[in-house]
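Results of the structural survey
Residues per chain are reported as follows:
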Amino acid sequence: VVALLLSCSTAALAEKEDDGLADALRAAVAGQVGAYDKKDVAAAMSFVDTRSPDYESTKAAITEQFEGPQVAVEIADFDYIGHDDEFAVARVKLKSTGKPDSGFVDNTVDSIMIFHFQDGAWKIWTEKVLGVDAGNVGN
């Protein structure tokens, strides 16, 4: 009985820790989205791990996107998946909406994001796009 109680309390503690981790990961994505909406490259990049193999290409892509039409981004869905000793993973859907008559095609990007802990905070390490739903941002 004692072993069962310890097992249950350990599982509850792990679940609570995962909830905190999920909140921290979501906050990293929300921070980057907020900086993106302000067209602040440095702030947007502060949510990306500087050791990520995608750091420079992400910075270049964001810089180029800021030269285009005004686009608002929001988190449409966020599902924490799990973590190991070094990385954490979540499935994230980001909805992008352009200003009317901007020529931008509204879309929702569905991706798996991998996060890494750097300098006391969880940061985006990389992203694998699973799909893009263009023109149908209501879903």
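Since the structure is predicted, the reported quantities are computational estimates derived from the model, not experimental observations. (Residues numbered from 1 in each chain as written. Predicted model: local features only at pLDDT ≥ 70, side-chain atom pairs only at ≥ 80, totals over all residues. Heavy atoms only, no water.)

1. Some remarks on the overall build of the protein
Counted only if it meets this: Put simply, DSSP H or I for four residues or longer makes a helix, DSSP E for two residues or longer makes a strand, and each gets a number counted from the N terminus. Residue burial is assigned from relative accessible area. The probe radius is 1.4 Å, only protein chains are included, and a residue is buried under 20% of its type maximum, exposed over 50%, and partly exposed in between. All accessible areas in this document rest on Shrake-Rupley with a 1.4 Å probe, and a residue is counted as covered only by the protein chains that are shown.
Along its length, the protein carries 3 helices and 4 strands. What you see in the protein, going N to C, is helices and strands ordered as α-α-α-β-β-β-β. Within the protein, the proportion of its 139 residues that are buried is 32%. When the accessible surface of the protein is split by element, carbon and sulfur atoms take 55% of a total near 8,400 Å².

2. Some thoughts on the pairing of strand S3 (residues 107-118)
This is how the line gets drawn: Each pair of strands is called paired provided DSSP finds at least two bridges between the two strands.
In terms of burial, S3 is a largely internal element, 9 of the 12 residues being buried. As defined by bridge partners, strand S2 (residues 87-98) adjoins S3 across 10 bridges and the pair is classed as antiparallel. Paired with Lys95 across the bridge in S3 is Thr108. Both S3 and strand S4 (residues 121-134) contribute to a ladder of 12 bridges, which runs antiparallel. Following the sheet pairing, Val109 is matched in S4 by Val132. Hairpin connection of S3 to S4: 2 residues between the antiparallel strands, including Asp119 at a positive phi of 55 degrees.

3. Things to note about the environment of Asp101
For Asp101, the location among the structural elements is in the loop between S2 and S3. For Asp101, a relative accessible area of 85% puts it in the exposed group. A C-alpha to C-alpha distance of 9.7 Å links Asp101 and Pro69, two positions 32 residues apart in sequence.

4. What about the pattern of salt bridges?
To be explicit about the condition: By definition, a salt bridge exists where a carboxyl oxygen of Asp or Glu is found within 4 Å of a side-chain nitrogen of Lys or Arg.
The full count for this structure, using the stated rule, is 3 salt bridges. Here Arg51 and Asp49 are joined by a salt bridge, their closest N and O atoms 3.3 Å apart. For Asp49, a relative accessible area of 0% gives the class buried. Across the pair Lys95 and Glu74 runs a salt bridge, and its minimum N-O distance is 3.8 Å. On the criterion of sequence distance, the pair formed by Lys95 in strand S2 and Glu74 in strand S1 (residues 71-83) is long-range, its members being 21 residues apart.

5. As for the sheet that holds S3
Note the following rule: The angle between two axes is taken between their N-to-C directions and runs from 0 to 180 degrees, where each axis is a line fitted to C-alpha atoms and a helix contributes only its stretch in contact.
Spatially, the 4 strands line up as an open sheet ordered S1-S2-S3-S4, and their pairing is antiparallel. Each edge of the sheet is formed by a strand with only one pairing partner; in this case those strands are S1 and S4. Taking each pair of neighbouring strands and ignoring which way they run, the sheet shows an average axis angle of 25 degrees.

6. Some details on the confidence of the model for the protein
We apply this condition: The predictor's confidence in any single residue is recorded as pLDDT, a number from 0 to 100. Any pair of residues with heavy atoms lying within 4.5 Å of one another is described as a contacting pair.
Chain-level pLDDT for the protein is 88 on average; 85% of the residues reach the 70-or-more range. Taken as a whole, residues 9-14 scores under 50 in pLDDT and shows 0 contacts with residues more than four places along the chain or in a different chain.

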